[in-house]
Amino acid sequence: NPSIYPRGKLTYDEKADFIPITGLVRINQALLASKSLPVSDVKELIALAKQTPGELTFGTAGVGTSSYIAGEYFFKHLAKVEAIHVPYQGGAPAMNALMGNHVDANALTLPPAVPHINTGRLRGIAIASERRLDAVKDVPTYAESGFPGFDMNDWNGLFAAAGTPPEAIARMQKVCAEAIKDAKVREKLDAAGAVLVANSPADFKTWLDG
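Analysis parameters
- Residues numbered from 1 in each chain as written.
- Predicted model: local features only at pLDDT ≥ 70, side-chain atom pairs only at ≥ 80, totals over all residues.
- Heavy atoms only, no water.
- Helix = DSSP H or I, 4+ residues; strand = E, 2+ residues; numbered from the N terminus.
- Rg over C-alpha atoms; globule rule 2.2 N^0.38 Å.
- Buried < 20%, exposed > 50% of the residue type's maximum accessible area, 1.4 Å probe, protein only.
- Contact = heavy atoms within 4.5 Å.
- Salt bridge = Lys/Arg side-chain N within 4 Å of Asp/Glu carboxyl O.
- Polar contact = N/O pair within 3.5 Å; in protein donor to acceptor, adjacent residues only side chain to side chain.
- Core = buried A, V, L, I, M, F, W, Y, C linked by side-chain atoms within 4.5 Å.
- Phe/Tyr/Trp six-rings, centres within 6.5 Å; stacked < 30°, edge-to-face > 60°.
- Pairing = 2+ DSSP bridges.

The next thing to look at is the overall build of the chain. Assigned secondary structure in the chain consists of seven helices and seven strands. Counting from the amino terminus, the chain carries its helices and strands in the arrangement β-α-β-α-β-α-β-α-β-β-α-α-β-α. By the compact-globule yardstick of 17 Å for 210 residues, the chain fits well, its C-alpha radius of gyration being 19 Å. Principal axes of the C-alpha set define a box for the chain whose edges measure 60 × 35 × 30 Å. Per-residue burial over the chain gives 42% buried out of 210 residues. A separation threshold of at least 6 residues defines the contact pool for the chain, and within that pool the share at least 24 residues apart is 72%.

So, on to the pattern of salt bridges. For the coordinates displayed, the defined rule picks out three salt bridges. One salt bridge connects D209 with K205, and the closest N-O pair in it is separated by 3.0 Å. Of this pair, D209 and K205 both sit in helix α7 (residues 201-209), four residues apart, roughly one helical turn.

Moving on, we get to helix α6 (residues 183-192). Its side-chain oxygen at 3.1 Å from the backbone nitrogen of K184, D182 defines the N-terminal cap of α6. Directly after α6, the chain includes G193, whose backbone phi takes a positive value near 85 degrees.

Next up on the list: the nonpolar core. Membership of the largest hydrophobic core comes to 26 residues, with the highest contact counts inside it found for L45, L56, F74, F75, Y142 and F150. Those elements that provide at least two residues to this core are β1 (18-34), α1 (42-51), α2 (66-78) and β5 (122-127). When neighbours within four sequence positions are excluded, F75 is seen to be in contact with L31, L45, L56, F58, K80, V81 and A83. Formed by 19 residues, the second largest nonpolar core is a distinct cluster that contains A94, L110, A113 and V139.

Turning our attention to the environment of P166. When you line up the elements, P166 lands in helix α5 (residues 166-180). In this structure, the C-alpha to C-alpha distance between P166 and L24, residues 142 residues apart in sequence, is 19 Å.

Using the criterion set out here, one finds nine aromatic pairs in the structure. Pairing F74 with F147 gives two aromatic rings, centres 5.7 Å apart and planes at 85 degrees, and the pair type is edge-to-face. With a gap of 73 residues between them, F74 in helix α2 and F147 in the loop between β5 and β6 (153-161) connect regions that are remote in the sequence.

Glancing now at unusual backbone geometry. The phi dihedral of K80 falls on the positive side, at around 55 degrees, and the residue is not glycine. Among the secondary structure elements, K80 is positioned in the loop between α2 and β3 (84-87). Given the relative accessible area of 63%, K80 is considered exposed. The backbone phi angle of N101 is positive, close to 65 degrees, even though this residue is not glycine. Summarising the element assignment, N101 is placed in the loop between α3 (91-99) and β4 (105-109). Look at N101 and you get partly exposed, because its relative accessible area is 44%.

Take the pairing of β4 next. With respect to burial, β4 is a largely interior element, five of its five residues being buried. As judged from the five bridges shared by β1 and β4, these two strands associate in the antiparallel manner. Along β4, the bridge assignment pairs A33 with A105. When strand β2 (residues 57-60) meets β4, the two strands line up parallel, connected through two bridges. Along β4, the bridge assignment pairs G59 with N106.

In structure tokens form, the structure reads like this:
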């Protein structure tokens, strides 16, 4: 997200590269805690990290991933506490480690954690989103937790090869929008905590250009 890591202009030559069709979904980063960790919110997590410098561990999907960036940004730049990063080879191993109490916390995208949060098997501490999400209504945003502006998400979009006729672009955007807005599709995506987009080619391009 440009408010977190300014990416500058994502420029491209539509005659030589790709044409944006539509954004599809955005998936927000989340901060999760093991059920055994004696914290229930961001404030308590930071307090614990300060009380035990260099002992708190957090897992991610691996060095260089978006979850790694989100975790490092939160602990080092926002909270300004010392925490040990434990990289895993993907989100699933990181989630298993948290569920097995091998790490204290995780910085991961939200969807894999939704069922575990709702069944109480782990704690949702914060979401890097502008607003709370219906899938996990009790999990606050970072803004609510005292860190405004931390809105970070992974996203999926659709592009066409350069030279694709405008009418084809419009037709593909329409089909994608209709598919995403289908009640069954929306229900599943909403339940996973994904934010639906389905914007126009012009709006998608504006968002990409930041």
